[in-house]
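What follows is the residue order along each chain.
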Amino acid sequence: MRDPVTIFEVGPRDGLQNEQRLIPAARKVRLVDLLSRTGLRKIEVTSFVSPNWVPQMADAAAVMAGIDRRAGVTYAALTPNLRGLNAAVQAGADEVAVFASASEGFSRKNINCSVAESLARFEEVMAAAREAGLPVRGYVSCVTDCPYDGRVAPAAVLDVAAALLEMGCYEVSLGDTIGAATPETTGALLGHLSARIGPERLAGHFHDTQGRALDNIRVGLDHGLRTFDASVAGLGGCPYAPGARGNVATEAVCELMETLGHDTGIDRARLSEAAAFARTLRSDA
Ligand SMILES: CC(C)(COP(=O)([O-])OP(=O)([O-])OC[C@H]1O[C@@H](n2cnc3c(N)ncnc32)[C@H](O)[C@@H]1OP(=O)([O-])[O-])[C@@H](O)C(=O)NCCC(=O)NCCSC(=O)C[C@@](C)(O)CC(=O)[O-]
């Protein structure tokens, strides 16, 4: 058996945030509870963002309050600013995530500020999280391609990822937000990052828009990454990245890891049950 791989389940947040029809909090809670039984150890439950920007996540506190917490599972939430962080602490999140972009165009569309402004804003989020004793994950979006600015240079990703790690994030998840990365661009990116950042501090977050997510994950594995984000039933997309399809499906990543001999600790039958339920939440179901 090869070394274990952590699958970071982002379906309840990244997967559902783009659904046009508002999903009742109780159904989101049910999804998280089903996922909690699968052996997943990291579940991103929701985001404490502006409801004007992402109406689907307006029930973040209710969802956090409703879930049945299982020992050994970390329940995470996205927090774009201090207000979000305070709400996440209040709701009992086990860890939070700040999210930046490697490209200016996406940063402005997604969080209404420049990349530099977002990093400055995160400093106060980090300080408050530290005080609350919460680990913070960092995201960098558009790591190879941006829907507004086009191709993104690896050097821009390195700058933002290094800044997030320096301010205290324990790990940075590299977001192929629009699923445009190829094995070549992913390899070039990871090769560039490896000069300054060890693979144990990086995670891969691949959308499957062009059907290349699994190929990119293999490249990630070859570069030593052992954490990959995935979304049950391939739910998702990003409201500020037109055309973005869901994250790679958790079931597909599990299967790939099993084939390659990496343990994920996930019970695939239980994951299938969660995926069947997840599919009923889609607007097109
Ligand atoms: C960052 C802001 C708030 C700036 O938005 P803004 O409009 O510049 O901020 P503001 O401070 O002027 O606030 C606007 C309104 O939102 C409220 N507000 C402000 N903050 C909060 C909060 N935390 N919780 C609840 N409400 C909040 C605030 O009170 C105000 O309410 P109003 O007075 O108009 O009624 C906004 O742009 C935002 O919420 N953006 C989030 C967008 C988002 O969630 N995108 C999807 C997640 S990122 C992603 O999917 C990529 C990722 C992570 O998956 C990786 C990848 O694939 O690349």
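Coordinates for the structure precede this section.
Note that the structure is a prediction, hence the values are computed from the model and not measured.

Taken together, 27 residues lie near the ligand, and Arg83, Asn110, Asn112, Ser141 and Thr177 sit nearest. Take asparagine 81: an N or O atom from its side chain is 2.9 Å from a nitrogen atom of the ligand. Within the complex, 75% of the 1100 Å² of free accessible area of the ligand lies under protein. With respect to the pocket detection grid, the ligand is positioned in the largest pocket. Listed by contribution, the elements that provide at least two residues to the shell around the ligand are helix 1 (11–15), helix 4 (82–90), helix 5 (104–111) and strand 5 (136–141).

A few words now on empty space enclosed by the protein. Evaluation of the coordinates by the stated rule reveals 3 cavities of 30 Å³ or more. In this model, the largest cavity occupies a volume close to 40 Å³. Around the largest cavity sit Val143, Leu174, Thr186, Leu189, Leu190, Gly204, Phe206 and Leu225, which together line it. Contributing elements (two or more residues each) for the lining of the largest cavity: helix 8 (183–193) and strand 9 (202–206). For the lining of the largest cavity, the element with the most residues is helix 8, which contributes 3 residues. Considered class by class, the residues forming the lining of the largest cavity number 6 nonpolar, 2 polar and no charged.

Moving on, we come to the environment of aspartate 267. Along the polypeptide, aspartate 267 turns up in the loop between helix 10 (250–260) and helix 11 (268–280). Expressed as a C-alpha distance, the spacing of aspartate 267 and arginine 21, which sit 246 residues apart in the sequence, is 30 Å. At a separation of 3.1 Å, a polar atom in the side chain of aspartate 267 contacts the main-chain amide nitrogen of arginine 270.

So, on to the sheet that holds strand 3 (residues 74–78). Across a sheet, strands are paired by hydrogen bonds formed along the backbone, either parallel or antiparallel in direction. An order of 1-2-3-4-5-8-9-10 is seen for the 8 strands of this closed barrel, with the pairing classed as parallel. Ignoring strand direction, the axes of neighbouring strands in this sheet form an average angle of 25°. When strand 8 (residues 171–176) meets strand 9, the two strands line up parallel, connected through 5 bridges. Note on strand 9: the bridge partner recorded for valine 172 is leucine 202. Packed on one face of the sheet, helix 7 (residues 154–166) meets strand 4 (95–101), strand 5 and strand 8 and runs near 170° to strand 5.

Moving on: the layout of surface pockets. By volume, the largest pocket is sized at about 730 Å³. Looking at the lining of the largest pocket, the elements with two or more residues in it are helix 1, helix 3 (60–66), helix 4, helix 5 and strand 5. Here the lining of the largest pocket is built from residues that sort into 20 nonpolar, 12 polar and 5 charged. When its volume is computed, the second largest pocket comes out at roughly 160 Å³. Lining the second largest pocket are 10 residues; nearest its centre among them are Asn18, Glu19, Gly236, Arg282 and Asp284. Grouping the amino acids of the lining of the second largest pocket by side-chain chemistry returns no nonpolar, 6 polar and 4 charged.

Moving on, we come to the pairing of strand 5. A large share of strand 5 lies buried, amounting to 6 of its 6 residues. Alternating positions in strand 5 separate into two faces, Val136, Gly138 and Val140 on one and Arg137, Tyr139 and Ser141 on the other, with burial throughout. Strand direction decides the pairing type here: strand 4 and strand 5, joined by 6 bridges, are parallel. Paired with phenylalanine 99 across the strands is tyrosine 139, a residue of strand 5. Where strand 5 meets strand 8, 4 bridges bridge the pair, whose relative direction is parallel.

Here is what the cut-offs are and how they apply
- Residues numbered from 1 in each chain as written.
- Predicted model: local features only at pLDDT ≥ 70, side-chain atom pairs only at ≥ 80, totals over all residues.
- Heavy atoms only, no water.
- Near = heavy atom within 4 Å.
- Polar contact = N/O pair within 3.5 Å; in protein donor to acceptor, adjacent residues only side chain to side chain.
- Areas by Shrake-Rupley, 256 points an atom, 1.4 Å probe, with all protein chains shown as cover.
- 1 Å grid on protein atoms, 1.4 Å probe; cavity = no way out; pocket = protein on both sides within 12 Å on 5 of 7 lines; lining within 4 Å.
- Sits in = over half its atoms within 2 Å of the grid points.
- Helix = DSSP H or I, 4+ residues; strand = E, 2+ residues; numbered from the N terminus.
- Points joined across faces, edges and corners; volume = space filled by probe spheres on them.
- Nonpolar A, V, L, I, M, F, W, Y, C, P; charged D, E, K, R; others polar.
- Pairing = 2+ DSSP bridges.
- Axes fitted to C-alpha atoms, helices over the stretch in contact; angles between N-to-C directions.
- Contact = heavy atoms within 4.5 Å.
- Buried < 20%, exposed > 50% of the residue type's maximum accessible area, 1.4 Å probe, protein only.

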